[in-house]
Amino acid sequence: MSGTSAALQPPADAVKPVRHPDAPAPGELLGAHYGQCFGCGDEQAHGLHLKARAGEGVSITAEFTVQTAHQGAPGLAHGGVLATALDETLGSLNWLLRVIAVTGRLETDFVLPVPVGTTLYLEAEVTAVAGRKIYCSATGRIGGPDGPVAVRADALFIEVKVDHFIDHGREEEIQAAMSDPDQVRRARAFEVNP
C-alpha cells in the first residue's frame, strides 16, 4: 500500500504468524460466524453474503458479488461496502489463528471502480503477530482471481476476550445468541468480530 501509517507497521519484536493446528483445512469453506453479520451472515437480506475459504498458511480467499443495494454512485459499489468486504475477509483470518479479535485499524486504497454485478475476489494474509496485535493485509481483484487490483487494505486486529461482546453488545442479540440450542452456532457467534 502507498502511505501505510506507522500504526500498521509491525514492531521489531513481532513474530511470524502460526496457523493453529485446529484451524480449518486449506480450501474449507468457513461459513458465517453469525447469521445477522452484515459481511457473512445468511440472514441479512442486503448483506454481502461473503464466502471465505481457508487458504495455505495463515491466508484466506473470499468472494462476493456487488448487488444493487451495495451501490454508492449509480452503478458502482459504495466505498464503505468495499471496505466492509476487506474487513470481513481480514477478520476471517482470526479463525486460522483460533483467537477472538476485533478490528483496531483498517486503511484502504481504492484503486479501480467496482461496478454493480461484479464479483470481487479477495485474498488476505496475516503478516505478523505481536502480543495481542495481529497485522494483516488484503487485496480485492475484479475480472477473476488474477485480475487487476481494485481495492487493498492493511489492518491491525486486537485479540479480545468474549466479554468484549457481552459487555458491549445489545442485550437482546447477546441473549439470543447465548441461548441458541445449536452449540456450534452459539460458540461461533462470538468467535470473531470482523
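Note that the coordinates shown come from a computational prediction; the quantities given were computed from them, not determined experimentally.

Asks: What's the story with the overall build of the protein chain in this structure? I'm lost.
Replies: Secondary structure summary: the protein chain contains five helices and six strands in total. Moving toward the C terminus, one meets the helices and strands of the protein chain in the order β-β-α-α-β-β-β-β-α-α-α. Classification of the 194 residues of the protein chain by burial places 44% in the buried group. Look at the contacts in the protein chain between residues 6 or more apart in sequence, and 67% of them connect residues 24 or more apart.

Asks: Can you help me understand unusual backbone geometry in this one?
Replies: Across residues other than glycine, the phi torsion is negative in most instances, and most of the peptide bonds are trans. Its identity is not glycine, yet arginine 98 carries a phi of approximately 60°, on the positive side. Within the secondary structure, arginine 98 is located in the loop between helix H2 (94-97) and strand E3 (101-110).

Asks: What am I meant to see in the side chain of threonine 89 here?
Replies: Mapped onto the fold, threonine 89 is located in helix H1 (residues 79-92). The class for threonine 89 is buried, based on a relative accessible area of 0%. Polar side-chain contacts of threonine 89 include one of 2.8 Å to the backbone oxygen of alanine 85.

Asks: Would you mind going over the environment of leucine 76 with me for this structure?
Replies: Looking at the secondary structure, you find leucine 76 in the loop between strand E2 (59-65) and H1. With relative accessibility at 30%, the residue leucine 76 sits in the partly exposed group. With 38 residues separating them in the primary sequence, leucine 76 and valine 114 have C-alpha atoms 5.7 Å apart. If we skip the residues at most four places from it in the chain, leucine 76 touches His70, Gln71, Pro113, Val114, Pro115 and Val116.

Asks: How do you make sense of the sheet that holds E3 when you look at a structure like this?
Replies: Backbone-to-backbone hydrogen bonds pair the strands of a sheet. The strands run either parallel or antiparallel. Taken in spatial order, the six strands of this open sheet run E1-E2-E4-E5-E6-E3, and their pairing is antiparallel. Of all strands in the sheet, those bounded by a partner on one side alone are strand E1 (51-54) and E3. Ignoring strand direction, the axes of neighbouring strands in this sheet form an average angle of 20°. Both E3 and strand E6 (residues 149-159) contribute to a ladder of nine bridges, which runs antiparallel. For leucine 106, the partnering residue across the bridge sits in E6 and is alanine 155.

Asks: I'm lost on the nonpolar core in this one. Help?
Replies: Where a protein is soluble and globular, its nonpolar side chains tend to be buried together. By size, the foremost hydrophobic cluster in this structure holds 38 residues, and its most contacted members are Leu50, Phe64, Leu90, Leu120, Leu122 and Val126. Breaking this core down by element, the ones donating at least two residues are E1, E2, H1, H2, strand E4 (119-130), strand E5 (133-141) and E6. The contact partners of leucine 90, leaving out residues within four places of it in the chain, are Leu106, Ala124, Cys136, Ser137, Ala138, Ala153, Ala155 and Phe157.

Scoring rules and cut-offs
- Residues numbered from 1 in each chain as written.
- Predicted model: local features only at pLDDT ≥ 70, side-chain atom pairs only at ≥ 80, totals over all residues.
- Heavy atoms only, no water.
- Helix = DSSP H or I, 4+ residues; strand = E, 2+ residues; numbered from the N terminus.
- Buried < 20%, exposed > 50% of the residue type's maximum accessible area, 1.4 Å probe, protein only.
- Contact = heavy atoms within 4.5 Å.
- Polar contact = N/O pair within 3.5 Å; in protein donor to acceptor, adjacent residues only side chain to side chain.
- Pairing = 2+ DSSP bridges.
- Axes fitted to C-alpha atoms, helices over the stretch in contact; angles between N-to-C directions.
- Core = buried A, V, L, I, M, F, W, Y, C linked by side-chain atoms within 4.5 Å.

In short, the description is geometric, and any link to function would need to be established separately.
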